[in-house]
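Architecture and fold: a report
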Amino acid sequence: MPPLERKRSEIGRSIRSDDGEITFYEHFRAPLLSGNYDVTVRQAVSSDDNKNAFDETFEHRVTFAVQGVRFSLAPEAVQSQFPPPDAQGEFSNVLSHMVFHPRTLPWQRTVGSSSGEQATPWLALLTFDVDDPIPIVRPGTLADLLPGGLPPGMISYPNLALEYGESPTDPVLFIDVPATLFTAIAPSERDLRWLAHARVISLETVARKSDRDDLATPTEFSVVVSNRLPKPGNRTASFLVSLESMAPYLPGSGVPLPPGTHAIRLAVLAFWEFGVVPLQETFREYLIELDRVPGTPQIPYQPADESRVAHVENALAMGYTAFDHFTRQGASTVSWYRGPLLPFANPIDVEVPISSSDALTHYDPATAMFDMSLGVAWQLGQLLALADKDFAALLYEWKRTQTREAVLAFERAFLGRQFGVELNAQTRLHLQLMTGAIRPVLSAFTKGNR
Amino acid sequence: MKKRWSTSDEWIAGARAAVDAAALDESADASAEQRITDWLARLRNLHGVPFTTLIPDVRMLPQESIRVFRIDENWIDCLIDGAYSIGRSTTGNGDLAREAAMFGRIRIPLRNRAATARPRRIFGAEHARANAEGSQTRSGFLLRSGVVSGWPSMEVRAFDASGRELEPVRLDRPAQDVLFGVFNGELAKLSFSEPAETLHFGFEPSANDAFRKRLKWITPQPGHPAGSMMDAPAVAVPMRDSARRVIDANALAQAIHQSLVNTGGMAPGAQYSGAELALELVQGVQQVDFPIEGAPR
């Protein structure tokens, strides 16, 4: 498949916000829509030569399937949902939306549009509230969406054909929406085009986000928006449903639903609930209400009785915690420990390297308590290095090589001094000794005998 | 001449001195040194260190709290030395002089490598941010709140006292609702903002349970960049079904387009699509700044 090139016609219009932080795109079209493909190559060869005339056609056929998202969506493909799942807040004047990583996701399949309009998304976000009521998500199989598995009076995807790799026993989640409700709240075909778009953010913005387990944070997203505002005071649910080939059933299509239909079965790819109440769980409110006292990691000092012990209070203010300590000699005491996260700036005064963690144990004779922080750090580093066998072997080999090289270099210099020869590291030692030291001595002998 | 080969003592002393000095101009195996530096750089950023070692008591970081800290470089030096002690002999005088000399070779590259590991991964090895220097002091913050689980891709910026932005050396979530950030320098201001890619569509309520939307400039004019608010009257949001609060997306798009053309927000012939509608409908991003005061003791 050729790499996705960003031709103007493929991505639609784009517009950047003022500081270039985010760019909106009308759509990102996939180069190949999902489905089964058939490629036939024919080559006609002919010759007019009288003796060997022939006229043959050779044909080769290749079938392949482009499987995209169809009835289920991997959780990693979802970047975020708004309002956040199970959040409570003033959401009565916002439209819920979902953000995905595959930037072509809403345009990978078609809604079966009769006008031939290419860029109509096949995903819609339907919002229900308690008064509707909220449909129950039922787990089933693909057979429940095929005409054979539908109860009377219910319709589902018209002309649903299983693609390569799909079987009627594949699991699927679905909801049954009453026909009148569907006609009232589903987006029309023209609405759908306005309710999905794509966004691209800059690398600088990516650097400001928290890392996700060493996965690269993507910069390109697609967004699907709901068309219904939540009702205040209610529990509300949003469902991401597939509307593949459902253009004739959408409101405003001019085609009435088949007679006797009282419900429509839709496959659900994702869903979540939130509450619309005057509680303030917005982003800003969360942060403003944060506990900021004390501003640094410390345990607040709460003496068991009236007396305040000064050194305990000071230690807690410096970020220490006390732990039970069972020493190697069998004694049992209480010692201070502190991690590397300090409430204040500390000058660097520890001298490395150290021979063992015991050398880092601090003792305060006034209180007869140990401070084990640095010893714990040293031992933790040693254990982490040992746990990684590759690193431990690498470090050990490196040190041995360094020592060996240092001794060899010294030996070369030493021997050179003794023999009065300049020895270098490139050629082998004995060759240099031969040419530089032994041979002149031998030649002095042989010369003398001549 | 009577010269005896009795320089063995001299040889032993000289060899020991050479080992202690570890004075090699070029390491025989530079790639091993690079891999060792990379591994220790990860440790220097506290990767792999159990979280209970960093915060030993849950009362230090209660629910819905934020704490700022300075990194104790003594603790970090001991951690690195513990890892580096593999292969160290401690009998007698031991190898301490040799170890100090060999570690001295990688001390500064280790600090720089630790500070640039993250920007190197995001921006690539050639970018300016991936080749900066590591600072002597590092500071950071811990945020434990529902806002971290609700807005997982929220954006964090840190600034020092002179207003310069600090590079995040580490920024990740040890738990669903805990955000841990370490920065290259001394923190004076932290800024949290909603993620840019999840800007949501919203409207203002107006009379009679209806909604309206104030417009933003599409075609930039002098003094009015694209995306800034216009002074024009707001557009009423057409509803397909008021009782069920279903908006008519197509009619809304056309109404906004018409109003933009009438008020000069965009040129009459300019292309109008879902991208322009998205720019009009997004609500602003919320941002909260925390200035950090108090001189360190």
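Shown above is the structure to which this text applies.
Residues numbered from 1 in each chain as written. Chains lettered and ligands numbered in written order. Predicted model: local features only at pLDDT ≥ 70, side-chain atom pairs only at ≥ 80, totals over all residues. Heavy atoms only, no water.

Considerations on empty space enclosed by the protein
Spelled out, the test is: Points on a 1 Å grid over protein atoms alone make up a cavity when a 1.4 Å probe fits among them but cannot get out, and a pocket when they form an open set with protein on both sides within 12 Å along at least five of seven lines; lining residues each have an atom within 4 Å of a point. Grid points are joined across faces, edges and corners, and a volume is the space filled by probe spheres set on the points. For the purposes of this entry, the term helix denotes a DSSP run of H or I that reaches at least four residues, the term strand denotes a run of E that reaches at least two, and both are numbered from the N terminus. Side-chain classes follow a simple rule in which Ala, Val, Leu, Ile, Met, Phe, Trp, Tyr, Cys and Pro form the nonpolar group, Asp, Glu, Lys and Arg form the charged group, and the remainder, Gly included, forms the polar group.
Tallied over the entire structure, the rule returns four cavities of 30 Å³ or more. Computed from the structure, the largest cavity encloses a volume of approximately 60 Å³. As for the largest cavity, its lining consists of Ser80, Gln81, Phe82 and Pro84 of chain A together with Gly150, Trp151, Pro152, Ser153, Pro195 and Thr198 of chain B. Of all the elements, strand E5 (residues 78-82) of chain A adds the most residues to the lining of the largest cavity, at three residues. Here the lining of the largest cavity is built from residues that sort into five nonpolar, five polar and no charged.

Here's the deal with the interface of chain B and chain A
Note the cut-off: By the convention used here, residues are in contact when the closest approach between their heavy atoms is within 4.5 Å. The term buried area denotes the loss of accessible surface (1.4 Å probe radius) that occurs when two parts are joined, taken as the sum for both partners. For this document, the term salt bridge refers to a Lys or Arg side-chain nitrogen within 4 Å of an Asp or Glu carboxyl oxygen.
With 135 residues of chain B at the contact, the number on the chain A side is 125 residues. With both chains or domains summed, chain B and chain A bury close to 11,700 Å², and 66% of this area falls on carbon and sulfur atoms. By the criterion of area lost to chain A, the three top residues of chain B are Ile86, Glu197 and Arg245 of chain B, representing 6% of everything that side buries. Counting the contacts that link chain B with chain A gives six salt bridges.

Brief notes about the sheet that holds strand E7 (residues 189-193) of chain B
Residues and elements named next belong to chain B. Note the threshold: By the convention used here, strands pair only if DSSP detects at least 2 bridges between them.
With antiparallel pairing, four strands are arranged side by side in an open sheet as E4-E3-E7-E14. A single partner strand is all that each edge strand has here, and the edge strands are strand E4 (165-166) and strand E14 (287-291). Here strand E3 (residues 155-159) pairs with E4 via two bridges, running antiparallel. What sits directly across from Phe159, in E4, is Glu165.

Structural notes on the packing of helix H8 (residues 389-419) of chain A against helix H1 (residues 8-21) of chain B
Note the threshold: Interaxial angles span 0 to 180 degrees and are taken between N-to-C directions of axes, which are lines fitted to C-alpha atoms, for helices over the stretch in contact. Any angle between 65 and 115 degrees counts as roughly perpendicular, while under 35 counts as roughly parallel, over 145 as roughly antiparallel, and the rest as oblique. By convention, the crossing between two helices is left-handed when the near helix turns anticlockwise from the far helix through less than a right angle, and right-handed when the turn is clockwise.
Direction vectors running N to C along H8 of chain A and H1 of chain B enclose 140°, while the axes themselves pass 9 Å from each other. Classed by the angle they form, the pair H8 of chain A and H1 of chain B counts as oblique. For the crossing formed where H8 of chain A meets H1 of chain B, the hand is right-handed. Residues Thr403, Ala406, Val407, Phe410, Glu411, Phe414, Arg417 and Gln418 of chain A of H8 of chain A pack against Glu10, Trp11, Gly14, Ala15, Ala18 and Val19 of chain B of H1 of chain B. For the contact of H8 of chain A with H1 of chain B, the class distribution of residues is eight nonpolar, three polar and three charged.

Observations regarding helix H7 (residues 373-387) of chain A
Rules: Multiplying 1.5 Å by the helix residue count minus one yields the expected span of that helix. Type-normalised accessible area, obtained with a 1.4 Å probe on protein chains alone, sets the label of each residue: buried when under 20%, exposed when over 50%, and partly exposed for intermediate values.
With 15 residues, H7 of chain A ought to run about 21 Å at 1.5 Å a step, and its terminal C-alpha atoms sit 21 Å apart, in line with that. Among the residues making up H7 of chain A, those that are buried are Ser373, Leu374, Gly375, Ala377, Trp378, Leu380, Gly381 and Ala385 of chain A.

Points about helix H7 (residues 249-263) of chain B
Between its first and last C-alpha atoms H7 of chain B spans 21 Å; for 15 residues at 1.5 Å apiece the expected length is 21 Å, and the two agree. Restricting attention to buried positions, one finds in H7 of chain B the residues Ala249, Asn250, Leu252, Ala253, Ile256, His257, Ser259 and Leu260 of chain B. Buried residues in H7 of chain B make contact with helix H3 (189-194) of chain A together with strand E11 (235-236), strand E13 (246-247) and helix H8 (274-281) of chain B. Positive backbone phi, at 85°, marks Gly264 of chain B, one or two positions downstream of H7 of chain B.

Describing unusual backbone geometry
Cis peptide bonds are those with omega within 30 degrees of zero, and the linkage from Phe82 of chain A to Pro83 of chain A qualifies with -5°. Relative to the assigned elements, Pro83 of chain A resides in the loop between E5 and strand E6 (88-89). Pro133 of chain A follows Asp132 of chain A through a cis peptide bond whose omega is 0°. Its place among the elements puts Pro133 of chain A in the loop between strand E9 (123-129) and strand E10 (138-141). The phi angle at Ser245 of chain A is positive, at roughly 60°, despite the residue not being glycine. Relative to the elements of secondary structure, Ser245 of chain A occurs in the loop between strand E15 (235-242) and strand E16 (263-276). Phi is positive for Arg245 of chain B, close to 60°, though the residue is something other than glycine.

Concerning the environment of Arg284 of chain A
Following the sequence through the fold, Arg284 of chain A ends up in helix H5 (residues 283-288). Assessed through its relative accessible area of 39%, Arg284 of chain A is described here as partly exposed. With residues up to four places along the chain from it excluded, the contact list for Arg284 of chain A reads Gln286 and Val288 of chain B.

Read these as layout, nothing more, since geometry by itself doesn't imply function.
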